[in-house]
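# Structure at a glance
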Amino acid sequence: MHLWEVSVFVFEKKTAEKLHKPRRREVVTELLRHGIRQLERHRHPRLLQVVAGPEDTPETLSFYSEPIMASLSNIITPPDEKEKEKGTSLSKDYKFLEVEIKYGILQLTEALSFLHYSCHVIHRNVTPASVFVTKRGTWKLGGLEFTEKVGEGEGPDNITVQPWTSRAPKMTQPDLDYISPEVQSSSTCSVLSDMFSLGMCICAIYNSGRSLIEASHSSSVYQKQLEVVGEQVNNVLPKVPLGLQEAVVRLVSRDPRQRPTSQLVALIKYFSDPVVHALQFLDVINMKDPTQKTHFYRTTLMETMPVIPKKLWFLHVWPSLQQEMRTQEVLAAVLQPILQLISDVTTDEYENIILPHFRVVFNLPKSIQASVTLLENIHVILEKTPSEDVSTDILPIIYSGLESSTVQVQVAAVVAATNASEYMDADAIKKTVLPRTKAIYEKSPTDVSLCLTVLGCIEKILDKLERSAIIDDVLPILADVKLQDADVTVKVVNIYRLMLGVKKFGLSVNLLATRILPSLLPLTVSPSLNLIQFSFLLQTIHEMLDHIDKQQRNKLKLDNLSLASSPGEKRLLRHQLSSDNMSLSPFSPVPNVRIQDTRMSSSAEDFLSRRGSSGIGFLGYSFSGPSSPDSNLLRVQSATIGRRLSDNELMMPPKIRVALSSASSPGETSTGSLPIRRHSSIGPERRGSTCTNLSPPTPTRPRRSLDLHYSQALSRTLTKSQSFLKNSSIANASKSVPMLLTPSPVSNLGSRRQSTCSITSLSGLDSRRSSTASIGNPLGSSYKSHRRPSALISNSSSGNLLQQLSAGVVSTYQLFSSKS
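Residues numbered from 1 in each chain as written. Predicted model: local features only at pLDDT ≥ 70, side-chain atom pairs only at ≥ 80, totals over all residues. Heavy atoms only, no water.

What follows covers the overall build of the protein chain. Within the protein chain, the regular secondary structure consists of 31 helices and 16 strands. Taking all 820 residues of the protein chain together, the buried fraction comes to 48%. A fraction of 69% describes how many contacts in the protein chain between residues 6 or more apart in sequence connect residues 24 or more apart. (Helix = DSSP H or I, 4+ residues; strand = E, 2+ residues; numbered from the N terminus. Buried < 20%, exposed > 50% of the residue type's maximum accessible area, 1.4 Å probe, protein only. Contact = heavy atoms within 4.5 Å.)

Turning our eyes to something else, we now look at the sheet that holds strand β1 (residues 7-12). The antiparallel open sheet is built from three strands, whose spatial order is β1-β3-β2. Bordering the open sheet on either side are β1 and β2 (50-56), each of which pairs with just one other strand. Sheet twist, expressed as the mean angle between neighbouring strand axes with direction ignored, is 10 degrees. Where β1 and strand β3 (residues 60-65) come together, six bridges link them in antiparallel fashion. Looking at the pairing, Ser7 lines up with Ser65 of β3. (Pairing = 2+ DSSP bridges. Axes fitted to C-alpha atoms, helices over the stretch in contact; angles between N-to-C directions.)

A positive phi angle is found at Ser187, which is not glycine, with a value near 55 degrees. One can find Ser187 in the loop between α5 (181-186) and β10 (188-189). Looking at Ser187, the relative accessible area reads 22%, which means it is partly exposed. For His217, which is not a glycine, the phi torsion comes out positive at approximately 60 degrees. Tracing the backbone through its elements, the reader meets His217 in the loop between α6 (191-205) and α7 (219-227).

Before going further, it helps to spend a moment on the confidence of the model for the protein chain. Scored by pLDDT, the protein chain comes out at a mean of 74, with 65% of its residues at no less than 70. Across residues 86-90 the pLDDT falls below 50, and counting only partners more than four positions away or on other chains, this stretch makes four contacts in the model. Here residues 728-820 is a poorly scored stretch, pLDDT under 50, and it has 202 contacts once near neighbours within four places are set aside; other chains count. (pLDDT = per-residue confidence, 0-100.)

The next thing to look at is the nonpolar core. Formed by 174 residues in total, the largest nonpolar core has its most connected members in Leu244 and Phe358. Apart from the residues lying within four places of it in its own chain, the contact partners of Leu244 are Ile105, Ile202, Tyr206, Ile268, Tyr270 and Phe271. (Core = buried A, V, L, I, M, F, W, Y, C linked by side-chain atoms within 4.5 Å.)

At their nearest, the axes of helix α12 (residues 290-304) and helix α14 (residues 331-344) sit 7 Å apart, and the two run at 25 degrees to each other. Overall, the two elements α12 and α14 adopt an arrangement that is roughly parallel. At the point where α12 passes α14, the crossing takes the left-handed sense. On α14, the residues that touch Thr294, Tyr297, Arg298, Leu301 and Met302 of α12 are Ala332, Ala333, Val334, Gln336, Pro337 and Gln340. (Parallel < 35°, antiparallel > 145°, perpendicular 65-115°, else oblique. Left-handed = near helix turned anticlockwise from the far one by under 90°.)

Right, let's talk about the side chain of Thr540 for a bit. Looking at the element boundaries, Thr540 is found in helix α25 (residues 531-563). Discounting residues that sit within four places of it in the chain, Thr540 has contacts with Val493 and Arg497.

In the sheet, β2 pairs with β3 via four bridges, with the strands oriented antiparallel. Considered in β3, the bridge of Ala52 is made with Tyr64. The antiparallel pairing of β2 with β3 creates a hairpin that spans three residues between the two strands.

Take the sheet that holds strand β7 (residues 139-141) next. Taken together, the three strands give an open sheet; going across it, the order is β4-β6-β7, and neighbouring strands pair in antiparallel fashion. Each edge of the sheet is formed by a strand with only one pairing partner; in this case those strands are β4 (68-71) and β7. Adjacent strand axes in the sheet meet at a mean angle of 35 degrees when their direction is disregarded. Bridging between strand β6 (residues 131-134) and β7 involves three bridges; their strand directions are antiparallel. Within β7, the residue paired with Val133 across the bridge is Trp139. Strands β6 and β7 of the sheet are contacted by helix α4 (residues 98-117), whose axis makes an angle of about 25 degrees with β7.

Let us now look at the packing of aromatic side chains. All told, the structure shown has eight aromatic pairs when counted by the stated rule. Just above the ring of Tyr94 sits the side chain of Lys311; from NZ or CZ to the centre is 4.0 Å. (Phe/Tyr/Trp six-rings, centres within 6.5 Å; stacked < 30°, edge-to-face > 60°. Lys NZ or Arg CZ within 6 Å of the ring centre and 35° of its normal.)

With that settled, consider the pattern of salt bridges. In this structure the tally under the stated criterion is 26 salt bridges. Across the salt bridge formed by Glu148 and Arg124, the nearest N and O atoms sit 3.6 Å from each other. Taken as a pair, Glu148 in strand β8 (residues 148-149) and Arg124 in the loop between β5 (121-122) and β6 lie far apart in primary sequence, 24 residues in all. Looking at Glu148, the relative accessible area reads 30%, which means it is partly exposed. The exposure class of Arg124 is buried, given its relative accessible area of 16%. (Salt bridge = Lys/Arg side-chain N within 4 Å of Asp/Glu carboxyl O.)

Before going further, it helps to spend a moment on the side chain of His42. One can find His42 in the loop between α1 (22-41) and β2. Setting aside its immediate chain neighbours within four residues, His42 contacts Leu47, Phe114, Cys119 and Val121.

This paragraph deals with a nonpolar patch on the surface. Residues Trp4, Val6, Val8, Val10 and Val51 make up a contiguous nonpolar surface patch of about 530 Å² in total accessible area. Secondary-structure assignment places Val6 in the segment before β1. Take Val6: its relative accessible area is 33%, and that puts it in the partly exposed class. (Patch = residues over 30% accessible without salt bridge, like charges linked within 9 Å, V, L, I, M, F, W, Y side chains within 5 Å. Areas by Shrake-Rupley, 256 points an atom, 1.4 Å probe, with all protein chains shown as cover.)

The next point concerns helix α16 (residues 368-376). Residues of α16 that are buried: Ala370, Ser371, Val372, Thr373, Leu374 and Leu375. Structurally, α16 contributes buried residues whose contacts are with α14, α15 (347-363), α17 (378-384), α18 (387-402) and α19 (407-419).

Now for the environment of Ala486. Structurally, Ala486 can be placed in helix α23 (residues 486-499). On a C-alpha basis, the gap between Ala486 and Ser526 in space is 8.8 Å, while along the polypeptide they are 40 residues apart. Beyond its immediate sequence surroundings of up to four residues, Ala486 is in contact with Ser528, Leu529 and Gln533.

Looking now at the environment of Phe296. Note that Phe296 resides in helix α12. Given a relative accessible area of 3%, Phe296 falls into the buried group. A C-alpha to C-alpha distance of 8.3 Å links Phe296 and Phe281, two positions 15 residues apart in sequence. Contacts of Phe296, omitting those with residues within four sequence positions, involve Ala278, Phe281, Leu282, Ile285 and Leu301.

It is worth spelling out the packing of α14 against α15 at this point. Contact pair α14 / α15: the axes reach a minimum separation of 12 Å and the direction vectors enclose 160 degrees. Between α14 and α15, the angle is such that the two are roughly antiparallel. The element α14 and its partner α15 pack so that their crossing is left-handed. Along its contact with α14, which presents Leu331, Leu335, Ile338, Leu341 and Ile342, the element α15 presents Tyr350, Ile354, Phe358 and Val361. Residues of the contact of α14 with α15, tallied by class, amount to nine nonpolar, no polar and no charged. (Nonpolar A, V, L, I, M, F, W, Y, C, P; charged D, E, K, R; others polar.)

The structure is reproduced here in structure tokens:
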């Protein structure tokens, strides 16, 4: 059982009893019956549609029509005047849009054209009260009680009619304010008389519902105001749209020959509007065949939707679409404007206006094209659908599409699953979406479009998949994908990037190194990639390599720690990994010299007290006795007490001041610029150290010449000292050649390097300068790198020897000075 919405027109016969004559009462009733019969006889989309009637009872006369909101007069009349009338509450707040007025005037013109040229009938009572506005906003022409038949000739035939008179009841005559001048002046009427009435209606629309002539049911007043109707038109004309002004002026002309016909009015440029054309087609859509409907919905309406006002979407567009949803032949075409409508309305409008009727489409059997259209745009519906209705209305459509036997529907269902993945639970994705997606891909693995669709779906559902599903289903798909296409490459690389570093995805370093990277590296030289795609690929490869580097380093460190089982081995491993374990170059000053690091637990004073036990100390060096197996080697004994080589601290650092050759006089030394360096800046100084000046006074002669003479003199002096040592008791203690801390001659040359202290053999100073080892000088950089302790001046004999050496050096220097 179908329910139809209708409007009921009721005439109460007692209202005619005010005429006080029963015969006139019957005249009014018969006139209304005639109007109803004319509406039933002349059916047209622009005329008011009679659904049922008339129903005549002793008290009323009624009939049923299509749903009516109000008459045009009710809508355009000002609010203060509406309150004086009855039945105006429906149109109290209604306001016309400009396009509605434009389309409404065109509908009236089409209605008159149908009556004039198809029915050969003159309306004779075109007024705002005889125009009805439906709930869809369509203007319908009614009030056919005063129609007159005209001839079927080509030109407008005049017929004789009764003019308006006060001797007849007002209810039985047309409205005097809209009657054409020729009716009152010559009692003649034609189709052009209706055009004058149309012009007066247009002026009333833009004149707040008031006619240009307000005769107040008096023919004499009518004649007086007719004389100034031209002036009234000029007053209203600025309110009329520019494209309609010329037509209005001609329509209200007193001369019928100046008025355009209804056919000509419908062709003016003012009505050439795409919105008007779309609304016209929607009003007569039921008369079109499926091919015409399909073209209109897919092309015309889709192009016009953005410019159609939202108010007309619900008044004109949606009612027509709602009727067509149940037609299988045009459902696929109708879905496109419906989806456009859904995307642009608010959530409340969708839930209250569209969804109650649109839900029928979900359960209806649909064609392949309709199913594809619905599935591909499922995200538009999801944005507006309440969350509680998604699982019951939307998701079953997707699951059904995945199980379809048609490839187009399956692919569209994969697209829908991608867009609706956030609404699906993990169980549905694991059992339905992923297996069906994999099966669809395996049917056409070389189809680039299908491959992109499948990869897009995998990318979306990745977070909801378990590790087993990823290893068993996802990774084989990625490994099997043909990567010639740049877009496919980017998709695959992006999926790998999402999986990188997350353990649940199962992307191990072995898999990266053996399968993934070998497949991605050749793509770096692929000509199909642009700069952005290449950069993305290369960045992902670097991230994979960094991931492998991090994992493998951590693994190798753990393996090394596990190998160190005993405490000693662990300490050795910690020492190897410690920052103190620095790689140092080997230190070998001269042949036959051994550096011995003797760790002592006693203080420096104890060491000095026991210095005679190992030989005579000379500048901190001790000589082995004849019984020692290393008696032929010079042993350098560390002055550091209980410290490692890596510690930069000595308990009793000596100070050795080396004078630079910069004094201005032979006996002058520049002590102000001599740097003093301790081997430790932390430990306290236990005893004062004498500053031994090993450099001779600097003469005033040129530096290079001085260095040369100084070297020769020092060589001769050292030769004498060597012979002196052979005769002393020191020579019996050791057969090794003593070494002296002397300033290197190289430091005084043109390069002006920082002077270093060299251990030089007394027997071959000039011939072995290149093999000197810098260990004693606080200013030397070589000593700083090896962190060797300083030597100690241990006995008085060494002091005597230094005095002798110094005397020889000074005498030699004086000798050279006198010569110069």
